[in-house]
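Observations on chain architecture
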Amino acid sequence: MYGSCAKALNDGVKRVKTEFVVFAHQDILFRQTDDLERFVDHMDRLQIGDILGVAGATKEDKGVYTNVCVNVEGEFAGALRVNGIMKVQSVDECFFGGKTDSFIRFPFDEKICDNWHLYAIDWALDAARRGNVAYVCDVSITHPSKGNINCAYNVGFLKLCQKYSADTDFIRTTIVFSKTGFWHRWYVFLKHEAGRTVRRMRGL
């Protein structure tokens, strides 16, 4: 029915009648009975135009800030922990939300995010451009995935770097990072595409 997640979420949020909305991957598991309640408590601190997730990255720090686990044994999805709530540059798509009016006033970019990747990261970068804030919080859910880079992801990240090159010199997502200048973004794109080709040839 939908050719991209951005299109699906833009249509879906129009039907939301509550103050807050949460977008989640289908394989999310709550670790504590109050996880959702605590996430809503954090969202209550947001302004219209802010976004809150459970995994994200900053420009300055290498690694992913998250308390999310990739299995029931408690293996963390990133190297850096979150205490309370903190500002980040990018927010992972696995679990995020905010005030419903935020996503109605500022829809997901269906042209840039014309597949199933990077829509929350693009939204977070756009939030910073208009003076809002992207956050992650210390809610610890389980998401049995460490991320996946495919051609659509690499093309999308290349387009993100181009879109925000006038606003920031560097973008770090929870999977890839690059300076946003022309030569740097194309180098990173070609590097990741070459890596995918090698892995495919090796049968990985």
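Everything below is about the structure printed above this text.
This write-up is about the structure you can find in this document. All of these numbers come straight from a predicted model, not from anything done at the bench.

**A closer look at the overall build of the chain**
The helix and strand inventory of the chain stands at six helices and 12 strands. In terms of overall dimensions, the chain is globule-like: its C-alpha atoms have a radius of gyration of 16 Å, near the 17 Å expected for 204 residues. Here the chain holds 204 residues, and 49% of them are scored as buried. The contacts of the chain with a sequence gap of at least 6 include a subset with a gap of at least 24, amounting to 74%. Measuring between centres, the 27 positive side-chain charges of the chain sit 7 Å from its 25 negative side-chain charges.

**Some details on the sheet that holds strand 5 (residues 65–66)**
Across the sheet, which stays open at both edges, the three strands sit in the order 5-4-7 with antiparallel pairing between neighbours. The strands lining the two open edges of the sheet, one partner per strand, are strand 5 and strand 7 (90–91). For strand 4 (residues 55–57) and strand 7, the ladder comprises two bridges, and the chain directions are antiparallel. What sits directly across from G56, in strand 7, is V91.

**A closer look at the state of the cysteines**
Per the stated rule, a full pass over the model turns up zero disulfides. C113 supplies the cysteine sulfur nearest to C5, a cysteine that is in no disulfide, at a spacing of 9.4 Å. C151 takes part in no disulfide bond, and the closest cysteine sulfur to it belongs to C161, at a distance of 15 Å.

**Considerations on the packing of aromatic side chains**
According to the stated counting rule, one finds 15 aromatic pairs in the structure shown. Aromatic pair F39 and F95: ring centres 4.9 Å apart, planes at 75°, arrangement edge-to-face. Placement of F39 in helix 2 (residues 35–43) and of F95 in strand 8 (residues 95–99) is noted, with a sequence separation of 56 residues between them. Side by side, F39 and F95 carry an identical accessibility label, which is buried. A centroid spacing of 4.6 Å and a plane angle of 35° characterise the contact between F103 and W123, whose relative ring orientation is tilted. Remark: W123 occurs in helix 4 (residues 119–129) and F103 occurs in helix 3 (residues 100–105); sequence separation between them is 20 residues. With relative accessibility at 2%, the residue W123 sits in the buried group. Taken together, F23, F96, F103, F108, Y119 and W123 form an aromatic cluster joined through their ring pairs. The side chain of R130 reaches across the aromatic face of F106, ending 3.8 Å from its centre. Taking NZ or CZ as reference, R130 lies 4.6 Å from the ring centre of W123, over its face.

**Overview of the pattern of salt bridges**
Taken as a whole and assessed by the stated rule, the structure comprises 14 salt bridges. Notably, a salt bridge pairs R38 with D35, separated by 3.5 Å at the nearest N-O pair. Taken together, the residues R38 and D35, both in helix 2 and three residues apart, mark about one turn of the helix. Exposure remark for R38: the relative accessible area of 25% places this residue in the partly exposed category. R196 serves as the salt-bridge partner of E193, at 2.9 Å between the closest nitrogen and oxygen.

How each quantity is defined
- Residues numbered from 1 in each chain as written.
- Predicted model: local features only at pLDDT ≥ 70, side-chain atom pairs only at ≥ 80, totals over all residues.
- Heavy atoms only, no water.
- Helix = DSSP H or I, 4+ residues; strand = E, 2+ residues; numbered from the N terminus.
- Rg over C-alpha atoms; globule rule 2.2 N^0.38 Å.
- Buried < 20%, exposed > 50% of the residue type's maximum accessible area, 1.4 Å probe, protein only.
- Contact = heavy atoms within 4.5 Å.
- Lys, Arg positive; Asp, Glu negative; His and termini not counted.
- Charge placed at Lys NZ, Arg CZ, Asp CG, Glu CD.
- Pairing = 2+ DSSP bridges.
- Disulfide = S-S within 2.5 Å.
- Phe/Tyr/Trp six-rings, centres within 6.5 Å; stacked < 30°, edge-to-face > 60°.
- Lys NZ or Arg CZ within 6 Å of the ring centre and 35° of its normal.
- Salt bridge = Lys/Arg side-chain N within 4 Å of Asp/Glu carboxyl O.

Shape is all these values report; function is a separate question.
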